[in-house]
Amino acid sequence: MPNITFILADESVKVVEAIEGDSIMQTAVDNDIEEITASCGGNCSCATCHCIIDDTWISKVGAADEDETAVMESAIEVTANSRLSCQIKVTDALDGIVVHIPSSE
Ligand code: FES
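To start, this report covers the structure provided alongside it. What you see is a predicted model, and the numbers here were worked out from it, not measured in a lab.

Criteria and cut-off values
- Residues numbered from 1 in each chain as written.
- Predicted model: local features only at pLDDT ≥ 70, side-chain atom pairs only at ≥ 80, totals over all residues.
- Heavy atoms only, no water.
- Helix = DSSP H or I, 4+ residues; strand = E, 2+ residues; numbered from the N terminus.
- Rg over C-alpha atoms; globule rule 2.2 N^0.38 Å.
- Buried < 20%, exposed > 50% of the residue type's maximum accessible area, 1.4 Å probe, protein only.
- Areas by Shrake-Rupley, 256 points an atom, 1.4 Å probe, with all protein chains shown as cover.
- Lys, Arg positive; Asp, Glu negative; His and termini not counted.
- Charge placed at Lys NZ, Arg CZ, Asp CG, Glu CD.
- Pairing = 2+ DSSP bridges.
- Axes fitted to C-alpha atoms, helices over the stretch in contact; angles between N-to-C directions.
- Core = buried A, V, L, I, M, F, W, Y, C linked by side-chain atoms within 4.5 Å.
- Contact = heavy atoms within 4.5 Å.

**Things to note about the overall build of the protein chain**
From N to C terminus, the protein chain includes 3 helices and 5 strands. From first element to last, N terminus to C terminus, the protein chain shows the α and β order β-β-α-β-α-α-β-β. For 105 residues, the compact-globule formula gives about 13 Å, and the C-alpha radius of gyration of the protein chain, at 12 Å, lands near that figure. Expressed as lengths along the three principal axes of its C-alpha atoms, the size of the protein chain is roughly 30 × 25 × 25 Å. Counting only residues that meet the buried cut, the protein chain has 45% of its 105 residues in that class. For the protein chain, the exposed surface amounts to about 5400 Å²; the carbon and sulfur share of it is 47%. Computed over 4 positive and 20 negative side-chain charges, the separation of the two mean positions in the protein chain equals 6 Å.

Right under this line is the structure:
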């Protein structure tokens, strides 16, 4: 099972095991990361699952597509590494990924 390291807004670190095929958003929700409210349930329409991918991992995750970028315009603290976590599927290739959760989420 791939591990995901979440770094929360208060700098606390939570390392969780993810299920391959789940989204990073689903993994966060399943592991009680309350900052990810995921109001739209993963339909790429709310931006309440906004996260920032660590610099060391962004090349593996890739950039948001046009639709995701449009939805992210309603998020706060958007950076070049911002993604909607519901749009990132967990694979073995992402084992060890580090994901930051902005304070505004
Ligand atoms: S859960 Fe709504 S955009 Fe990701």
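**Structural notes on the sheet that holds strand β4 (residues 82-84)**
Strand order in the open sheet formed by 5 strands is β2-β1-β5-β3-β4, with mixed pairing between adjacent strands. On the outer flanks of this sheet lie β2 (13-17) and β4, each paired with one strand and no other. Adjacent strand axes in the sheet meet at a mean angle of 35° when their direction is disregarded. Two strands pair when backbone bridges link them, and strand β1 (residues 3-7) and β2 are joined in this way by 5 bridges, in the antiparallel orientation. Its bridge partner being in β2, Ile4 is matched across the sheet by Val16.

**Details of unusual backbone geometry**
Excluding glycine, most residues fall at negative phi; most peptide bonds, likewise, are trans. One non-glycine residue, Cys44, adopts positive backbone phi at about 55°. Tracing the backbone through its elements, the reader meets Cys44 in the loop between α1 (24-30) and β3 (50-53). Within the chain, Ala47 stands out as a residue other than glycine whose phi angle is a positive 70°. Checked against the element boundaries, Ala47 lands in the loop between α1 and β3. Relative accessible area serves as the criterion here: at 6%, Ala47 is assigned to the buried category.

**Looking at the nonpolar core**
Ile4, Phe6, Ile97 and Val99 are the most contacted members of the largest nonpolar core, which totals 31 residues. Looking at this core, the elements with two or more residues in it are β1, α1, β3, α3 (66-72) and β5 (97-100). For Phe6, the residues in contact, after removing those within four places along its chain, are Ser12, Val13, Lys14, Val16, Ile24, Thr27, Ala28, Ile33, Val99 and Ile101.

**Details of the pairing of β3**
On β3, burial covers both faces: His50 and Ile52 on one face and Cys51 and Ile53 on the other are all buried. Pairing analysis gives 3 bridges linking β3 to β4, with the strands arranged antiparallel. Within β4, the position partnered with Ile52 by the bridge is Ser82. Where β3 and β5 come together, 2 bridges link them in antiparallel fashion. From the neighbouring strand, Ile52 faces β5, where its bridge partner is His100.

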